[in-house]
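# Topology and contacts: notes
For reference, the chains in residue letters:
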Amino acid sequence: MELIDTHAHLNLGTNYRDLPEVLKRAREAGVRAIVVVGIDLKTSRKALELARDHPHYLYPAVGVHPHEVKKLTEEDYKELESLAGRAVALGEIGLDWVKEYSPRKEQMEHLERQLDLARRLGLPVILHVREAYAEALEILRKYAPHPMVFHCFAGGLKEARKVLDLGGFLSVTGIVTFPKAENIREVVRYVPLESLMLETDCPFLSPVPFRGKRNEPAYVRYICARVAEIKGVPVEECAWQTTLTARRFFGI
C-alpha cells in the first residue's frame, strides 16, 4: 500500500529534531512521498533545504500563509518567485477570518497576488481557508480552471460542492477521526474519492489514537483507513486513488 502525505510541516521550528526516525517510520507505514509546506519565506526556504537533503521523497511547497501576509514587501515577492521556481506547489496561501492576524483586505490582495504568481509559473496551489469560503471562492472563480486543493477542508456540503464546481480538490486530515467531526465525515461521504487527498498537517491534528501528541507523516495511514471506512471501499483502493490524485496534482 502506497500513501502520500500531501501537507506536512516538517520545516516548522524544532518539532522534528528526530527527523531521520520520523522519515523511517513514514517509509515503514507505506508513505512514498511527503509534501513539505511553507507558511512564510523562512519555512519555504527550509522546505527547499529538506527536499534537497531527501530527494525524491520530500517535495517542497512555498508560499505565505494569510497570517503572515501583512509583513510582505516587494523584495519578499522577488524571493518568493525565485523559491517557487524550485517548488511543486505554491502554498499554503488563502484567507483566515478566524484569527485575522493580517487585515482582511490585505489577505485578499495577497491571495490574488500569489495566485497570479502560481498561474504565471504553472504551479498548483494549496489553500488555507477558515470561515472565509464565500470570499475565497469568489476570488478563485477568476482563476479557474487552475489546480487547487483546499488543505484541511473544514467547510460543509455547500462549500464542498462549490469547490468541486471549480475543479478543485479537498484534503482530509486527522479531524475525520475525531468523534465529534460528523460534518467532515458527511463531506467525505459526498465527495468522489478521486477528488480527495490525504494529509497529516503535522505536527498538528494528530488522528485518533494519537490525539494530544505530536503528529507525523506515518499517521496518514489512520486517516486513509477512516476515509476508506466512510466511503465503504477497501483501504487499498483509498490509498491507491488518493496517491494517484496527489501524484498527478503535484507532478511527483
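Note that the coordinates shown come from a computational prediction; the quantities given were computed from them, not determined experimentally. (Residues numbered from 1 in each chain as written. Predicted model: local features only at pLDDT ≥ 70, side-chain atom pairs only at ≥ 80, totals over all residues. Heavy atoms only, no water.)

Our focus in this paragraph is the packing of aromatic side chains. Going through the model one piece at a time under the given rule, you end up with 7 aromatic pairs. Between Tyr-219 and Tyr-222, the ring centres sit 6.2 Å apart and the planes meet at 80°, which makes this aromatic pair edge-to-face. Of the residues examined, Tyr-219 reaches a relative accessible area of 13% and is grouped as buried. Using a relative accessible area of 27% as the deciding quantity, one classes Tyr-222 as partly exposed. An aromatic cluster is present here, built from Tyr-133, Phe-150 and Phe-153 joined pairwise through their rings. When the ring centre of Tyr-190 is taken as origin, the NZ or CZ atom of Arg-161, which lies over that ring, is 4.9 Å away. Above the plane of the ring of Phe-178 lies Arg-211, whose end atom (NZ or CZ) is 3.7 Å from the centre. (Phe/Tyr/Trp six-rings, centres within 6.5 Å; stacked < 30°, edge-to-face > 60°. Buried < 20%, exposed > 50% of the residue type's maximum accessible area, 1.4 Å probe, protein only. Lys NZ or Arg CZ within 6 Å of the ring centre and 35° of its normal.)

What follows is about the nonpolar core. Of all hydrophobic cores here, the largest spans 74 residues; its most connected members are Leu-10, Ile-34, Leu-127, Phe-150 and Val-227. Broken down by element, this core gets its largest block of residues, 6 residues, from helix H8 (residues 220-231). Excluding residues that lie within four positions of it along the chain, Phe-150 makes contacts with Leu-127, Val-129, Tyr-133, Leu-137, Leu-140, Val-163, Phe-169, Leu-170 and Ser-171. Membership of the second largest hydrophobic core comes to 16 residues, among which are Tyr-59, Ala-61, Met-197 and Phe-249. (Core = buried A, V, L, I, M, F, W, Y, C linked by side-chain atoms within 4.5 Å. Helix = DSSP H or I, 4+ residues; strand = E, 2+ residues; numbered from the N terminus. Contact = heavy atoms within 4.5 Å.)

What follows covers the pairing of strand E1 (residues 3-8). With 6 of 6 residues buried, E1 is to be regarded as a mostly interior element. Where E1 meets strand E2 (residues 31-37), 4 bridges bridge the pair, whose relative direction is parallel. By the bridge assignment, Ala-8 is partnered in E2 with Val-36. Chirality of the crossover, the property in question, places the unit of E1, helix H1 (residues 19-28) and E2 among those that are right-handed. (Pairing = 2+ DSSP bridges. Right-handed = clockwise from strand over helix to strand, strands pointing away.)

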